[in-house]
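Here is how the chains run, residue by residue.
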Amino acid sequence: MTRVLRALAPVLLLALAIGPAAHAAGSGAALTPYKASLRDKHSLQRGARLFVNYCLSCHSARFMRYSRVADDLEIPREVAKRNMLFTGEKIGDPMVAVMTKEDAEAWFGIAPPDLSLVARLRGDDWLYNYFLAFYLDPDAPNGWNNAIYPNTAMPHALHPLQGLQRALPPDEEGGPMRFEKVRAGSMSDAEYARAVGDLTNFLVYMGEPSRPARIRYGVWTFLFLLAFATLAYRLKKEYWRDIHE
Ligand code: HEC
């Protein structure tokens, strides 16, 4: 076992060294920091709705079941059934895309990846910025490009909300890419940014659905230990008082 580990060590070290670089590769744009919040149930509910309406046609989230999403996000089962199930699925089913992998490959050249764990792979900053950074590109096969993920095969699924934007020529300092709106969507820029935040929150939740519960248990465990330590300390003082006298 140790010999195997020793033989693998250089490979592991190399992976560790390349990992972060590979993560950053391919995005020439600066990221606006975004920290997902899992506390806001309404935001997560809005994110789930966006996901079901705009993403599930192409992407699956096989590790999630509709019922789990409904229960975790406090969406009543009846409401979930009405708003999340469109093609005869059952509430206990995993969230599987409508499109088959073969069709997707034929249409996009690459099958849309499962999104259950995408937030762990990409991080919240990356996702938030990705959904803001689609722009029209007449040279791209599907007419879209993305500043964060250049030459992505994904079309801008949320363009009815954001509207259409095109890239402005780069500035002299080589700063981040800038865009110009050419057609308004159904949302203002601020509303769209909030929607993208909701969607990112939901993707982060999917990557680790038990995180809120874990944080809650952690806080209670800490409080318990603190109370117990105080009690133990006072007890000790009480016992030792007689001995000291
Ligand atoms: C019309 C089909 C389609 C729709 C709808 C769609 N996507 Fe995609 N998506 C793709 C394809 C194809 C790729 C692969 C792109 C590539 O690797 O070049 C992709 C890639 C992605 C990636 C990058 C994954 C990775 O790590 O490489 C994310 C994140 C993503 N999609 C999120 C979403 C979200 C969220 C929605 C809903 C708002 C959505 N997509 C809607 C087709 C789609």
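Please refer to the structure placed before this passage.
Sequence order as written defines the numbering, with residues in each chain counted from 1. For a predicted model such as this one, the threshold for reporting local features is a pLDDT of at least 70, and the threshold for listing and counting side-chain atom pairs is 80 or more; totals across whole chains, interfaces and linings nevertheless cover every residue. Excluded from the side-chain calculation are hydrogens and water; included are all heavy atoms of the structure.

Peer 1: Kindly report on a nonpolar patch on the surface, identifying the contributing residues and their values.
Peer 2: Patches draw on residues past 30% relative accessible area with no salt bridge. Two like charges within 9 Å are joined, as are two nonpolar side chains (Val, Leu, Ile, Met, Phe, Trp, Tyr) within 5 Å. Using a 1.4 Å probe, the Shrake-Rupley method yields the accessible areas, and only the shown protein chains count as cover for residues. Counted as salt bridges are all cases of a side-chain nitrogen of Lys or Arg within 4 Å of a carboxyl oxygen of Asp or Glu. Together, Ile215, Val219, Trp220, Phe222, Leu223 and Leu226 make up a nonpolar patch on the protein surface, roughly 640 Å² of accessible area in all. Assignment of secondary structure puts Ile215 in helix H10 (residues 211-244). Where helices and strands are cited, they refer to DSSP runs of H or I of at least four residues and of E of at least two residues respectively, numbered from the N terminus.

Peer 1: I'd love a proper account of the coordination of the iron atom of the ligand, names of residues and values included.
Peer 2: Looking at the metal site, the iron atom of the ligand is ligated by His59 (NE2) and Met154 (SD), spaced 1.9 to 2.1 Å from it. Sites may look incomplete because water is not among the atoms; the donors themselves are N, O and S atoms within 2.8 Å of the metal, or within 3.2 Å for Na, K and Ca. A four-donor site is classed as tetrahedral when every donor-metal-donor angle falls between 85 and 135 degrees; four donors are called square planar, and six octahedral, when trans pairs exceed 155 degrees and all remaining angles lie between 65 and 115, with any other arrangement labelled irregular. Taken together, the six donor atoms coordinating the iron atom of the ligand span angles of 86 to 179 degrees at the metal, a pattern that classifies the geometry as octahedral. Of this pair, His59 sits in the loop between helix H2 (41-54) and strand S1 (61-65) while Met154 is found in the loop between strand S4 (144-146) and helix H8 (159-162), placing the two residues 95 residues apart along the sequence.

Peer 1: With reference to specific residues and values, describe the site of the ligand.
Peer 2: The nearness test applies per residue and asks whether one of its heavy atoms lies within 4 Å of the molecule or strand. Lining the immediate environment of the ligand, one finds 24 residues, of which Cys55, Cys58, His59, Arg122 and Met154 sit closest. Here a polar contact is taken to be a pair of N or O atoms separated by no more than 3.5 Å, where protein atoms must pair a possible hydrogen donor with a possible acceptor and residues adjacent in sequence count only if both atoms sit in side chains. Within the side chain of Thr152, an N or O atom sits 3.5 Å from an oxygen atom of the ligand. Interatomic distance of 2.8 Å between a backbone N/O atom of Ala153 and an oxygen atom of the ligand. Using protein atoms alone on a 1 Å grid, points that fit a 1.4 Å probe yet trap it form a cavity, whereas open point sets bounded by protein on both sides within 12 Å along at least five of seven lines form a pocket; residues with an atom within 4 Å of a point count as lining. In this scheme, a molecule is assigned to a cavity or pocket if more than half of its atoms are within 2 Å of the grid points. One can see that the ligand is located within the largest pocket. Split into classes, the residues belonging to the shell around the ligand amount to 20 nonpolar, three polar and one charged. In the scheme used here, Gly and all other residues not listed as nonpolar or charged are polar, with Ala, Val, Leu, Ile, Met, Phe, Trp, Tyr, Cys and Pro taken as nonpolar and Asp, Glu, Lys and Arg as charged.

Peer 1: Before we move on, can you summarise the nonpolar core with the specific residues and values?
Peer 2: Buried residues of nine kinds, namely Ala, Val, Leu, Ile, Met, Phe, Trp, Tyr and Cys, make up a nonpolar core once their side-chain atoms join them within 4.5 Å. Using a 1.4 Å probe on the protein chains alone, a residue whose accessible area is under 20% of its type maximum counts as buried, one over 50% counts as exposed, and one in between counts as partly exposed. In this structure, Phe51, Val69, Met95, Leu203 and Tyr205 are the most contacted members of the largest nonpolar core, which totals 46 residues. When contributions to this core are tallied by element, the ones reaching two or more residues are H2, S1, helix H3 (66-72), helix H4 (77-84), helix H6 (118-122), helix H7 (124-132), strand S3 (134-136) and helix H9 (189-207). Counting residues per element, this core draws most heavily on H9, which supplies nine residues. Pairs of residues are marked as contacts when any of their non-hydrogen atoms sit within 4.5 Å. Beyond its immediate stretch of four places on either side in the chain, Leu203 contacts Phe51, Leu115, Val118, Ala119, Leu127 and Phe131.

Peer 1: Report on the packing of H7 against H9, specifying residues and quantitative values.
Peer 2: At their nearest, the axes of H7 and H9 sit 9 Å apart, and the two run at 140 degrees to each other. On the basis of the axis angle, H7 is oblique to H9. When the axes of H7 and H9 are compared, the crossing they make is right-handed. Touching Asp124, Leu127, Tyr128, Phe131 and Leu132 of H7 are Tyr192, Ala193, Val196, Gly197, Leu199, Thr200, Leu203 and Val204, all from H9. For the contact of H7 with H9, the residue count by class is ten nonpolar, two polar and one charged. Helix axes are fitted to C-alpha atoms over the stretch in contact, other axes to C-alpha atoms as well, and angles between N-to-C directions run from 0 to 180 degrees. Reported orientations rely on four angle classes, namely roughly parallel under 35 degrees, roughly antiparallel over 145, roughly perpendicular from 65 to 115, and oblique for the rest. Working rule for handedness: look at the near helix, and if it is turned counterclockwise from the far one by less than a right angle, call the crossing left-handed; if clockwise, right-handed.

Peer 1: Lay out the environment of Val182 in plain terms, naming residues and giving numbers.
Peer 2: Mapped onto the secondary structure, Val182 falls in strand S6 (residues 179-184). The class of Val182 is partly exposed, set by a relative accessible area of 43%. With near-sequence residues (within four places) excluded, Val182 lies in contact with Leu136, Leu164, Gln165 and Arg166.

Peer 1: Please set out H7 residue by residue, giving values where relevant.
Peer 2: For H7, the tally of buried residues reaches seven of nine residues, placing the bulk of the element in the interior. Residues of H7 that are buried: Asp124, Trp126, Leu127, Tyr128, Asn129, Tyr130 and Phe131. Structurally, H7 contributes buried residues whose contacts are with H6, S3, S4, H8 and H9.

Peer 1: Which residues make up the environment of Leu121, and what are the values?
Peer 2: Note that Leu121 resides in helix H6. Classification of Leu121 by relative accessible area gives exposed; the value is 54%. Expressed as a C-alpha distance, the spacing of Leu121 and Gly207, which sit 86 residues apart in the sequence, is 9.1 Å.

Peer 1: Explain the packing of aromatic side chains residue by residue, including any values.
Peer 2: Any two aromatic rings considered together are summarised by their centre-to-centre distance and by the angle between their planes. Centres within 6.5 Å make a pair out of two Phe, Tyr or Trp rings, where for Trp the six-membered ring is used; the pair is then stacked when the planes are under 30 degrees apart, edge-to-face when over 60, and tilted otherwise. Using the criterion set out here, one finds ten aromatic pairs in the structure. With a centroid separation of 5.5 Å and 45 degrees between ring planes, the pair formed by Phe51 and Phe202 is classed as tilted. Placement of the pair is Phe51 in helix H2 and Phe202 in helix H9, with a sequence separation of 151 residues. Neither Phe51 nor Phe202 differs from the other in exposure class; each is buried. Ring centres of Phe202 and Tyr205 lie 5.8 Å apart, and the angle between their planes is 40 degrees; on these two criteria the pair is classed as tilted. Here Phe202 pairs with Tyr205, and both are found in helix H9, just three residues apart, close to one helical turn.

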